[in-house]
Amino acid sequence: VSPVTITMPADREREMELGVWCVDQVVRYGGCLEQPAGSELWERCGLPVPGLPENPFLWTAFVEQRWFGFPGRKRTWVLVSGVPRRLALPVPYRFEDGGWVMSGPGSYKELNSRTMPAFAAWLVGMARGVWYGL
């Protein structure tokens, strides 16, 4: 199964503006947004971080993407809006050794910008659980 590759804008400030717009859309209409753990976007937008008291309809989950088949450590925060945590999809935790497994051409940066299909399906499933009833 091939991972999905996403390209990023070259201009860092434009990338951040796009991120702020995406957060606004997720908060306003419900859904989820994933970013690398510790993303500056959380501080810039005043978002809840994993482990802190949360609004039942706006919270952040910590996910290690190797739980979804990524070939190494890829710590991720997922902002969830409109889905109560108690009704959220379960995360498929895996506790095996997760050393980097890189084969074939490509760089770490190229590999790290990919989202595994199982993780993408989990994000879509989570977004489908939104309670806003649009």
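The structure this text deals with has already been given above.
Fair warning: this is a prediction, and the values are worked out from it, not measured in the lab.

Another aspect to go through is the sheet that holds strand β3 (residues 58-64). Within the open sheet, the three strands sit side by side as β2-β4-β3. Their pairing is antiparallel. Each of the sheet's edge strands pairs with one partner strand only, and the pair in question is β2 (31-36) and β3. Here the strands of the sheet are splayed against their neighbours by 25° on average, with no regard to which way each runs. Where helix α1 (residues 12-29) meets the sheet, it contacts β2, β3 and β4 (75-81), and its direction lies at approximately 150° from that of β2. Strands β2, β3 and β4 of the sheet are contacted by helix α4 (residues 117-127), whose axis makes an angle of about 145° with β2.

Moving on, we come to the packing of aromatic side chains. Evaluated as defined, the whole model comprises five aromatic pairs. Consider the rings of Phe62 and Trp67, whose centres lie 6.1 Å apart with planes at 80°: the pair is edge-to-face. Phe62 sits in the partly exposed class, given a relative accessible area of 34%. On the accessibility criterion, Trp67 (8% relative accessible area) is buried. Measuring from ring centre to ring centre gives 5.0 Å for Phe68 and Phe119, while their planes differ by 50°; the resulting arrangement is tilted. Of this pair, Phe68 sits in the loop between β3 and β4 while Phe119 sits in helix α4, and the two are 51 residues apart along the sequence. Using a relative accessible area of 6% as the deciding quantity, one classes Phe68 as buried. On the accessibility criterion, Phe119 (0% relative accessible area) is buried.

Structurally, Thr115 can be placed in strand β5 (residues 114-115). The spacing of Thr115 and Phe68 is 47 residues in sequence and 9.3 Å in space, taken between C-alpha atoms.

For the rest of this paragraph, the subject is the side chain of Thr60. Residue position: Thr60 is located in strand β3. In this structure the side chain of Thr60 is engaged in a polar contact, spanning 2.9 Å, whose partner is the side chain of Trp42. A polar contact of 2.4 Å, which involves the side chain of Thr60, links it to the backbone oxygen of Pro48. Those residues in contact with Thr60 that sit more than four places away from it in its chain are Trp42, Pro48, Val49, Pro50, Trp77, Val78, Leu79 and Arg85.

This part takes up the pairing of β3. Where burial is concerned, most of β3 is hidden: six out of the seven residues are buried. Bridge analysis of β3 against β4 gives seven bridges, and the strand direction is antiparallel. Its bridge partner lying in β4, Phe62 is registered against Trp77.

This brings us to the environment of Glu34. Within the element layout of this structure, Glu34 appears in strand β2. Classification of Glu34 as partly exposed rests on a relative accessible area of 22%.

One broad rule of soluble globular proteins: the nonpolar side chains tend to lie buried together. Ranked by size, the top nonpolar core spans 15 residues in total, and within it Val63, Phe68, Val78, Val80, Phe119, Trp122 and Met126 carry the most contacts. Ranked by residues supplied to this core, first place goes to α4 with four residues. In this view, Phe119 contacts Glu34, Val63, Gln65, Phe68, Thr76 and Val78; residues no more than four positions away in its chain are not counted. One finds Leu33, Leu41, Leu47 and Trp77 within the second-largest nonpolar core, a separate group that totals 10 residues.

Reading the values: rules and limits
Residues numbered from 1 in each chain as written. Predicted model: local features only at pLDDT ≥ 70, side-chain atom pairs only at ≥ 80, totals over all residues. Heavy atoms only, no water. Pairing = 2+ DSSP bridges. Helix = DSSP H or I, 4+ residues; strand = E, 2+ residues; numbered from the N terminus. Axes fitted to C-alpha atoms, helices over the stretch in contact; angles between N-to-C directions. Contact = heavy atoms within 4.5 Å. Phe/Tyr/Trp six-rings, centres within 6.5 Å; stacked < 30°, edge-to-face > 60°. Buried < 20%, exposed > 50% of the residue type's maximum accessible area, 1.4 Å probe, protein only. Polar contact = N/O pair within 3.5 Å; in protein donor to acceptor, adjacent residues only side chain to side chain. Core = buried A, V, L, I, M, F, W, Y, C linked by side-chain atoms within 4.5 Å.

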